[in-house]
Amino acid sequence: EDLVNDDDTNTTSTYSQASQKKNPVVLVLDNLRSAFNVGSIFRTAETGGVSELITCGICPHPPHPKLRKTAFSALDVVPTRHVEEIL
C-alpha cells in the first residue's frame, strides 16, 4: 500500500485515506451542455477533494449515462445535487 506523508501535520497515511480528505470547496456548474466535460470535472473534483458539486439548469447530472463513461467512480465519491436555478 502506498504511503503519503503530510508535512503540515507530520503524519503518514495510506493513499486512500489521503484521497478522502475534503476541502471546503463547492463547485457550481451552471448550464454546461457537455456530459463529457461535466464527467471530467467530477474526476477533477474527486482528485481535489471538493466537498460538493452542484449542477444547475441544463447541466447533465447523475444518473446521466454519459457521465458514468467519463466520471468513472467519481460519481460515487463526490457529493452532488442538482437544482434548476442557482439563485
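Because the structure is predicted, anything quoted here is derived from the model rather than measured.

## Here we look at the overall build of the protein
Thought 1: Helices and strands together make up the secondary structure of the protein, namely four helices and five strands.
Thought 2: In sequence order, the secondary structure elements of the protein are arranged as β-β-α-β-α-β-α-α-β.
Thought 3: Here the analysis covers contacts within the protein between residues at least 6 apart in sequence; of these, 69% occur between residues at least 24 apart.
Thought 4: Summed over its atoms, the accessible surface of the protein is roughly 5900 Å², and 52% of this surface lies on carbon and sulfur atoms.

## Topic: the state of the cysteines
Chemically, a disulfide is nothing more than a covalent bond linking the sulfur atoms of two cysteines.
Thought 1: Scanning the entire structure with this criterion turns up zero disulfides.
Thought 2: Distance from the sulfur of Cys59, which forms no disulfide, to the nearest cysteine sulfur (Cys56) is 7.3 Å.
Thought 3: Here Cys59 falls in the buried class, since its relative accessible area comes to 1%.

## Some remarks on the pairing of strand S4 (residues 50-56)
Thought 1: Of all seven residues in S4, six are buried, a share of seventy percent or more.
Thought 2: Sheet analysis places strand S3 (residues 23-30) next to S4, joined by six bridges and oriented parallel. Its bridge partner lying in S4, Val26 is registered against Glu52.
Thought 3: Handedness of the S3-helix H2 (residues 35-48)-S4 crossover: right-handed.

## Regarding the pattern of salt bridges
Thought 1: The full count for this structure, using the stated rule, is two salt bridges.
Thought 2: Two residues, Arg81 and Glu52, come together in a salt bridge whose shortest N-O distance is 2.5 Å. Linking Arg81 in strand S5 (residues 80-83) with Glu52 in strand S4, this pair joins segments that are 29 residues apart in sequence.
Thought 3: Residue classification places Arg81 among the partly exposed residues on the basis of a relative accessible area of 43%.
Thought 4: Of the charged contacts, one joins Arg68 and Asp76 as a salt bridge, the two residues approaching to 3.4 Å between their closest N and O atoms.
Thought 5: By relative accessible area, which is 41% here, Arg68 ends up partly exposed.

## What to know about the confidence of the model for the protein
Thought 1: Mean pLDDT over the protein: 84, with 77% of residues reaching 70 or higher.
Thought 2: Per-element mean pLDDT across the protein ranges from 47 in strand S2 (residues 11-14) up to 97 in S4.
Thought 3: Here residues 1-6 scores under 50 on pLDDT; set against residues more than four positions off or in separate chains, the count is 18 contacts.
Thought 4: Below a pLDDT of 50 lies the segment residues 11-15, which in the model reaches 16 contacts outside its immediate sequence neighbourhood of four places, other chains included.

Parameters at a glance
- For every chain, the first residue of its written sequence is number 1, and the numbers climb from 1 along that sequence.
- Only residues with pLDDT of at least 70 get local features here, since the model is predicted, and only at 80 or more are side-chain atom pairs given and counted; chain-wide, interface and lining totals rely on the full set of residues.
- Think of the side-chain values as coming from all heavy atoms in the structure, minus any hydrogens and water.
- Secondary structure elements are taken from DSSP: a helix is a run of H or I of four residues or more, a strand is a run of E of two residues or more, and numbering for both begins at the N terminus.
- Residues are treated as being in contact if the distance between any of their heavy atoms lies within 4.5 Å.
- In these tables, accessible area is a Shrake-Rupley quantity obtained with a 1.4 Å probe, and a residue counts as shielded only by the protein chains included in the view.
- Cysteine sulfur pairs qualify as disulfides if the two atoms are within 2.5 Å.
- Here the term buried applies to any residue with accessible area under 20% of the maximum for its type, exposed to any over 50%, and partly exposed to those in between, with areas from a 1.4 Å probe on protein chains only.
- Any two strands with at least two DSSP bridges between them are considered paired.
- We call a crossover right-handed when, viewed with the strands running away from us, the connection from the first strand over the helix to the second turns clockwise.
- Put simply, a salt bridge is a Lys or Arg side-chain nitrogen that is within 4 Å of an Asp or Glu carboxyl oxygen.
- Looking at any residue, its pLDDT shows the predictor's confidence there, from 0 to 100.

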